[in-house]
Protein chains: 2
Amino acid sequence: MKKDRPPVERGRPRNFDRALALRRAMEVFWERGYEGTSLSDLTEAMGIERPSLYAAFGCKEALFREAVDLYNEIEGVPAQRVLETAPTARQAIETMLRDYAATYTQAGKPPGCMIVLSALLGTPQNKDVRDHLARHRRESRVALKARIAHGMVEGDVPQTADAERIGGFYATLLEGLSIQARDGASRLDLEAIIDGAMAAWEPLVACRKTLPER
Amino acid sequence: MKKDRPPVERGRPRNFDRALALRRAMEVFWERGYEGTSLSDLTEAMGIERPSLYAAFGCKEALFREAVDLYNEIEGVPAQRVLETAPTARQAIETMLRDYAATYTQAGKPPGCMIVLSALLGTPQNKDVRDHLARHRRESRVALKARIAHGMVEGDVPQTADAERIGGFYATLLEGLSIQARDGASRLDLEAIIDGAMAAWEPLVACRKTLPER
DNA sequence: AGAATTATTTACTGATTGGTATGAAAAAGG
DNA sequence: CCTTTTTCATACCAATCAGTAAATAATTCT
């Protein structure tokens, strides 16, 4: 029968919003990278205590992977989807690049791509995390090249084009855009770079694939 | 009776090979990044004990900056110099890109560019280190754009070209190459991407600068 | 209502971080 | 030779790292 509970109640117990907490975690990882984010950074941003974090997400690495998945769903999938919906390979790639340029420079969110930036280098013991992101990037490159190959089947890209080279080129540029964004480039800056990259389309697809010499 | 000596001289002669130790430190930072490298990693690689490191280099950040300078001298300056020596802007940029492609994939050395990769994201307290590298990257971009503008003066690039856009494009691609290299791309892979980027040269320089609408 | 269960918080773990104090060894100077 | 100065290595520092144990508060189920 203690009716007089202390007015200063330190922790009010309530179920926290797991999805919201994950979003907050994503933003911190996106901003600081995997190794640059401490558990204290996470709990503070997520508004929960440490044991709640571990109960809900397992460990730091598992939380990061969930955050990456969420990032991919929110920022990556929409930009990737246009690879399927656009009528030509050229439109698909240009639209994808411009979509990414927009997501890389959203106000109030960290610049650049989380999957590109958040675990590039680090200690040997976090190699799994880096490999995980590298696998994501690899899938993106494969999808890009596949879209060009698809254009060759559909006829909007010459049969003689080198899908591997063209895809590698645009994938490289796309990943470079993340660094530009981190270095302060605005959306318009990125758009100008994409203008340049798209000016390359015609000579790129016109260039015949050079057969391996053997 | 104490002899008058220069005030707290920092660079006293050491028994170990300072230049060699610095090279070793550079390689570790290059491989693992600034925050991914611990003092223990450094002392082990450098073959010296911790107090010797501090006596010779000051602190971790100062050592990193010296390592960056050394990296730039060994790997960066030679590739940059061609911007001055090549007869045309196009040759300058193509040669530079291919030189970098070679340095990014040297056997026995970490792939990619230390200045691009080794401190992109991290904790707020290391912001100075990231800014230091960002300044290096900015200078590279400026030099690239200046070389194109120089070509416009010399006549090998049309007066109507947009040096800002073209330079931004090639700088972005160059930084993307570092990530490709980290993801396992070979020198030939990078060369193929550069082939694509150079195929873009003609339409790029032919594209008139779009005046700002105001 | 009261017991059982679930959440959540405080406070802690051992390991590791960047950075030093201290004392031994070696060299230099007389 | 002995003393003074310089260089190195052991051992330590407080702070922070990721991860937990134990205890307390709130909710659920009778």
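What counts and how
Every chain is numbered independently, its residues counted from 1 as its sequence is written. All chains are assigned letters beginning with A, and all ligands numbers beginning with 1, in the order in which they are written. In keeping with the model being predicted, local features are shown solely for residues with a pLDDT of at least 70 and side-chain atom pairs are shown and tallied solely at 80 or more, while totals for entire chains, interfaces and linings include all residues. Side-chain calculation: all heavy atoms of the structure are included, whereas hydrogens and water are not. Axis lines are fitted through C-alpha atoms, for helices just across the contact stretch, and the angle between N-to-C directions can take any value from 0 to 180 degrees. Numbering of helices and strands runs from the N terminus; a helix is a DSSP stretch of H or I covering at least four residues, while a strand is a stretch of E covering at least two. Working rule for angles: under 35 degrees goes down as roughly parallel, over 145 as roughly antiparallel, 65 to 115 as roughly perpendicular, anything else as oblique. Contacts: residue pairs with any heavy atoms within 4.5 Å of one another. In this classification, Asp, Glu, Lys and Arg are treated as charged, Ala, Val, Leu, Ile, Met, Phe, Trp, Tyr, Cys and Pro as nonpolar, and every other residue, Gly included, as polar. By definition here, a salt bridge exists when the distance from a side-chain nitrogen of Lys or Arg to a carboxyl oxygen of Asp or Glu is within 4 Å. Three exposure classes are used, based on accessible area relative to the maximum for each residue type with a 1.4 Å probe and protein chains only: buried under 20%, partly exposed in between, and exposed over 50%. Summed over both partners, the accessible surface that disappears when two parts come together, traced with a 1.4 Å probe, is what is meant by buried area. Under the rule applied, a polar contact is a pair of N or O atoms within 3.5 Å (in protein, one hydrogen donor and one hydrogen acceptor; residues adjacent in sequence only if both atoms are side-chain atoms). Copy-to-copy superposition: least squares on the C-alpha atoms, limited to residues that have pLDDT of at least 70 in both copies.

Residue and element names in this part refer to chain A. Between helix 5 (residues 89–104) and helix 7 (residues 127–154), the shortest axis-to-axis distance is 9 Å and the interhelical angle comes to 155 degrees. One way to sum up the angle between helix 5 and helix 7 is to call them roughly antiparallel. In this structure, helix 5 uses A89, A92, I93 and M96 to contact helix 7, whose residues at the interface are L144, R147, I148 and G151. Residue composition of the contact of helix 5 with helix 7, grouped by class: six nonpolar, one polar and one charged.

Turning our eyes to something else, we now look at the pattern of salt bridges. Residues and elements named next belong to chain A. Across all of its chains, the model carries 37 salt bridges over all chains by this definition. Salt-bridge contacts for E94 lead to R98; the nearest nitrogen and oxygen are separated by 2.8 Å. Of the two residues, E94 and R98 are both situated in helix 5; the distance of four residues between them amounts to about one turn of the helix. Of the residues examined, E94 reaches a relative accessible area of 22% and is grouped as partly exposed. In this structure, the salt-bridge partner of E175 is R141, at a minimum N-O distance of 3.4 Å. Within this pair, whereas E175 is found in helix 8 (residues 163–182), its partner R141 is found in helix 7, the two being separated by 34 residues in sequence.

The next point concerns the interface of chain A and chain B. Where the parts come together, the accessible area they lose is often given as the size of the interface. Each partner contributes to the interface: chain A provides 40 residues, whereas chain B provides 40 residues. When chain A packs against chain B, the two sides together hide about 3000 Å² of surface, and 66% of this comes from carbon and sulfur. In this structure, the connection of chain A to chain B is made through six salt bridges. Taking the shortest distance from any N to any O, the salt bridge between D195 of chain A and R165 of chain B comes out at 3.1 Å. Taken together, the connections running from chain A to chain B amount to 10 residue pairs in polar contact (both at pLDDT 80 or more). Only helix 1 (18–32), helix 6 (114–117), helix 7, helix 8, helix 9 (187–199) and helix 10 (201–206) of chain A provide two or more residues apiece to the side of chain A that touches chain B. The element best represented in the side of chain A that touches chain B is helix 8 of chain A, accounting for 12 residues. A class-by-class count of the residues in the side of chain A that touches chain B yields 20 nonpolar, 10 polar and 10 charged.

Two chain copies here: they are related by a rotation about an axis and a translation along the same axis. Relative to chain B, chain A is turned by 180 degrees and slid 0.0 Å along the rotation axis, the superposed coordinates differing by an RMSD of 0.1 Å. The two molecules are tied by a two-fold rotation axis, judged by turn and shift. Most of the interface of chain A is mirrored in chain B: 100% of its interface residues are interface residues there too.

This part covers the environment of G58 of chain B. With respect to the helices and strands, the residue G58 of chain B is situated in the loop between helix 3 (50–57) and helix 4 (60–85). Separated by 102 residues in the primary sequence, G58 of chain B and T160 of chain B have C-alpha atoms spaced 50 Å apart.

Here the focus is the side chain of H132 of chain A. With respect to the helices and strands, the residue H132 of chain A is situated in helix 7. Apart from residues no more than four positions distant in its own chain, H132 of chain A is found in contact with R65 and V68 of chain A.

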